[in-house]
Amino acid sequence: MLSRLSELIWADWIWFPEGYGWDDLKDHDGKVFPKTQDLWAVLPVALCFVVIRQIFERSIALPLASLLGVRDNHRVCASPNPILESHFCSISRHPTQSSIEILSKQTGCSVRQVQRWFRRRRNQDRPSKLKKFQEASWRFTFYLLAFFAGMGVLIDKPWFHDVKLVWENFPKMPLLTSQYWYYMIELGFYLSLIFSVASDVKRKDFKEQIVHHVATILLISFSWLVNYIRAGTLIMLVHDASDYLMESAKMFNYAGWKKTCNFIFTVFAIVFIITRLIIFPFWIIHATCVYPLTLYSTFFGFYFFNGLLVVLLILHIFWTGLILRMVVKFLPGNDIVEDERSDKEETESDDEDRGQKKRPKNGHMQNGHYVLNNNHRKTD
């Protein structure tokens, strides 16, 4: 029964145009083609990345952080309190005002003390600036090397200059050694991100990041199986083109190099929009979605592959919105770019602001509006 089900799932007519099939991907006459079992090599590659990352963050990222002047803010830990800890862990990390008043009575603490305890307790769980720097420097290093490696693999290929050639002789396109390693390294890296997701810094777009990683792994794996490798290498190169700029902007952000951070982020925003919202949809997706219709009749693999590309495009649009919000914030002259996705550390003045908002009758008015103390600045 399982063999029959496997035959149905991997039927030629599902994954290939009419007249083509898996037999076309068998090695012959010295030509090598991608095979399903090749993907098993990704597992040791991913594990190597996990190990290399640990070594890199300790031996390179930490000294680099010290050199750039990255310093963690001193955090005051919340004092042990079983009642507040129980509420924090099992009910809510952000209690309502009514809950705070009840907890105040139960613990004998003032409302302000309860608010301060929850703020300090939330800050304890937030990643330190140093950890964020280590993560950003690791990703920066990989994306930078991957981008230039991708350029080295593709710069002399005809389909790099004419994307329509990704379909030339499909699916009978032999596999090149450079393509093999480019695929294994990229796929291994994204798989390593899934392995380390529990320990990585969680941002506001955590779910979108998981969807992105899963879609990327599926896309790379599927393009390998059915020999969409030429299109796959172009897609990976386009994604790596801007990622290292974003990670370097984060690094300088954590180091407090404001002007450098803002400049790099501006360059990143321009490159991101050009590669993700112009080149990706109007060149690559056009080449994989529109142009093939002039050559082949449609089939399920065609829709599956392009469906994954559309998922990535939707994520690109979502992230472009966040990027533009950050650009708008610093263009008028703000001190530094803030990562919209980050969970910012709370300060004492946050409690003061909340208290003033809850006691408007005691505040001073200016032109009919209550003046709040918003002079503090929060940075990622």
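Reading the values: the criteria
Residues numbered from 1 in each chain as written. Predicted model: local features only at pLDDT ≥ 70, side-chain atom pairs only at ≥ 80, totals over all residues. Heavy atoms only, no water. Helix = DSSP H or I, 4+ residues; strand = E, 2+ residues; numbered from the N terminus. Buried < 20%, exposed > 50% of the residue type's maximum accessible area, 1.4 Å probe, protein only. Contact = heavy atoms within 4.5 Å. Areas by Shrake-Rupley, 256 points an atom, 1.4 Å probe, with all protein chains shown as cover. Phe/Tyr/Trp six-rings, centres within 6.5 Å; stacked < 30°, edge-to-face > 60°. Axes fitted to C-alpha atoms, helices over the stretch in contact; angles between N-to-C directions. Parallel < 35°, antiparallel > 145°, perpendicular 65-115°, else oblique. Nonpolar A, V, L, I, M, F, W, Y, C, P; charged D, E, K, R; others polar. Core = buried A, V, L, I, M, F, W, Y, C linked by side-chain atoms within 4.5 Å. Patch = residues over 30% accessible without salt bridge, like charges linked within 9 Å, V, L, I, M, F, W, Y side chains within 5 Å. Salt bridge = Lys/Arg side-chain N within 4 Å of Asp/Glu carboxyl O. Polar contact = N/O pair within 3.5 Å; in protein donor to acceptor, adjacent residues only side chain to side chain. Lys, Arg positive; Asp, Glu negative; His and termini not counted. Left-handed = near helix turned anticlockwise from the far one by under 90°.

Asker: Help me out: how do you make sense of the overall build of the protein in this one?
Answerer: A tally of helices and strands in the protein yields 14 helices and 2 strands. A total of 380 residues make up the protein; the buried ones form 46% of that total. A separation of at least 24 residues holds for 79% of the contacts in the protein among residues at least 6 apart in sequence. As displayed, the protein offers around 20,000 Å² of accessible surface, 63% of which is attributable to carbon and sulfur atoms.

Asker: Would you take a moment to explain unusual backbone geometry for this structure?
Answerer: The general pattern is negative phi for most residues beyond glycine and trans for most peptide bonds. Look at the link from Phe-170 to Pro-171: it is a cis peptide, with omega at 0°. Residue position: Pro-171 is located in the loop between helix H8 (158-161) and helix H9 (177-195). The residue Asn-169 is not glycine, and still its phi comes out positive at about 65°. If you trace the backbone, Asn-169 turns up in the loop between H8 and H9.

Asker: Just checking my understanding: could you explain the packing of aromatic side chains for this structure?
Answerer: Centre-to-centre distance and the angle between the planes together describe a pair of aromatic rings. Tallied over the full model, the rule gives 37 aromatic pairs. Geometrically, the ring pair formed by Phe-49 and Trp-138 is edge-to-face, given 6.2 Å between the ring centres and 70° between the ring planes. Taken together, the residues span a long stretch of sequence, with Phe-49 in helix H3 (residues 42-68) and Trp-138 in helix H7 (residues 129-154) at a distance of 89 residues. Comparing Phe-49 with Trp-138, the two get one shared label, buried. Ring centres 5.5 Å apart and planes at 55° place the aromatic pair Phe-268 and Phe-272 in the tilted group. Separated by 4 residues within a single helix, Phe-268 and Phe-272 lie in helix H12 (residues 258-290), roughly one turn from each other. The residues Phe-268 and Phe-272 share a single accessibility class, namely buried.

Asker: Can you help me understand the packing of helix H4 (residues 82-90) against helix H5 (residues 97-107) in this one?
Answerer: The description of two packed helices rests on the angle between their axes and on the distance between the axes. As a packed pair, H4 and H5 sit with axes 10 Å apart at the nearest point and diverge in direction by 150°. One element, H4, and the other, H5, form an angle in the roughly antiparallel class. Each of Ile-83, Leu-84 and His-87 in H4 lies in contact with H5, whose residues at this interface are Ser-99, Leu-103, Gln-106 and Thr-107. The residue makeup of the contact of H4 with H5, split by class, is 3 nonpolar, 4 polar and no charged.

Asker: What is the right way to read the nonpolar core from this model?
Answerer: Across soluble globular proteins, nonpolar side chains show a tendency to be buried alongside one another. Formed by 79 residues in total, the largest nonpolar core has its most connected members in Phe-189, Tyr-228, Phe-265, Phe-280 and Phe-305. When sequence neighbours within four positions are dropped, the list of residues in contact with Phe-305 reads Leu-219, Phe-222, Ser-223, Tyr-228, Ala-231, Ile-235 and Thr-288.

Asker: Explanation requested: a nonpolar patch on the surface in the structure shown.
Answerer: Taken together, the side chains of Ile-270, Ile-274, Ile-278, Phe-282 and Trp-283 make up a nonpolar region of the molecular surface, amounting to roughly 510 Å² of accessible area. Following the sequence through the fold, Trp-283 ends up in helix H12. Taking the relative accessible area as the measure of exposure, Trp-283 reaches 47% and is therefore partly exposed.

Asker: Looking at this structure, I do not really get the environment of Ser-92. What am I missing?
Answerer: Locating Ser-92 in the fold gives a position in the loop between H4 and H5. Each C-alpha atom, one on Ser-92 and one on Phe-118, is 9.8 Å from the other, the two residues being 26 residues apart in sequence. Side-chain polar atoms of Ser-92 contact the backbone nitrogen of His-94, separated by 3.0 Å.

Asker: When you look at the pattern of salt bridges in this model, what are you seeing that I'm missing?
Answerer: Close approach of charged atoms allows side chains with opposite charge to pair. According to the stated counting rule, one finds 10 salt bridges in the structure shown. With a shortest N-O distance of 3.2 Å, Asp-23 and Lys-26 are connected by a salt bridge. Judged by its relative accessible area of 58%, Asp-23 falls in the exposed class. In this structure, Lys-250 and Glu-247 form a salt bridge, with 3.5 Å as the shortest nitrogen-oxygen distance. Of the two residues, Lys-250 and Glu-247 are both situated in helix H11 (residues 229-255); the distance of 3 residues between them amounts to about one turn of the helix. Counted as one network, the salt bridges with shared partners bring together Arg-53, Glu-57, Glu-135 and Arg-139.

Asker: Hey, could you run me through the environment of Ala-149 in this one?
Answerer: Topologically, Ala-149 is positioned in helix H7. For Ala-149 and Ser-178, which are 29 residues apart along the polypeptide, the C-alpha to C-alpha distance reads 9.4 Å.

Asker: Explain the environment of Glu-57 here, please?
Answerer: Of note, Glu-57 is situated in helix H3. In this structure, the C-alpha to C-alpha distance between Glu-57 and Ala-136, residues 79 residues apart in sequence, is 9.8 Å. Contact partners of Glu-57, with chain neighbours within four places excluded, come to Leu-62, Gln-134, Glu-135 and Trp-138.

Asker: Looking at this model, I keep getting lost on the side chain of Glu-186. Mind explaining?
Answerer: You can see Glu-186 is positioned in helix H9. Of the buried charged residues, Glu-186 lacks a salt bridge, with Arg-276 as the closest side chain of opposite charge at 9.9 Å. Setting aside chain neighbours within four positions, we find Glu-186 in contact with Phe-142, Ala-146, Met-236 and Asp-240.

Asker: Just checking my understanding: could you explain the packing of H3 against H9 for this structure?
Answerer: Axis separation between H3 and H9 bottoms out at 8 Å; the angle between their running directions is 60°. One element, H3, and the other, H9, form an angle in the oblique class. In this structure, H3 crosses over H9, and the sense of that crossing is right-handed. In contact with Val-42, Leu-43, Val-45, Ala-46, Leu-47, Phe-49 and Val-50 of H3, H9 contributes Met-184, Ile-185, Leu-187, Gly-188, Phe-189, Leu-191, Ser-192 and Phe-195.

All we've got here are geometric facts, nothing functional implied.
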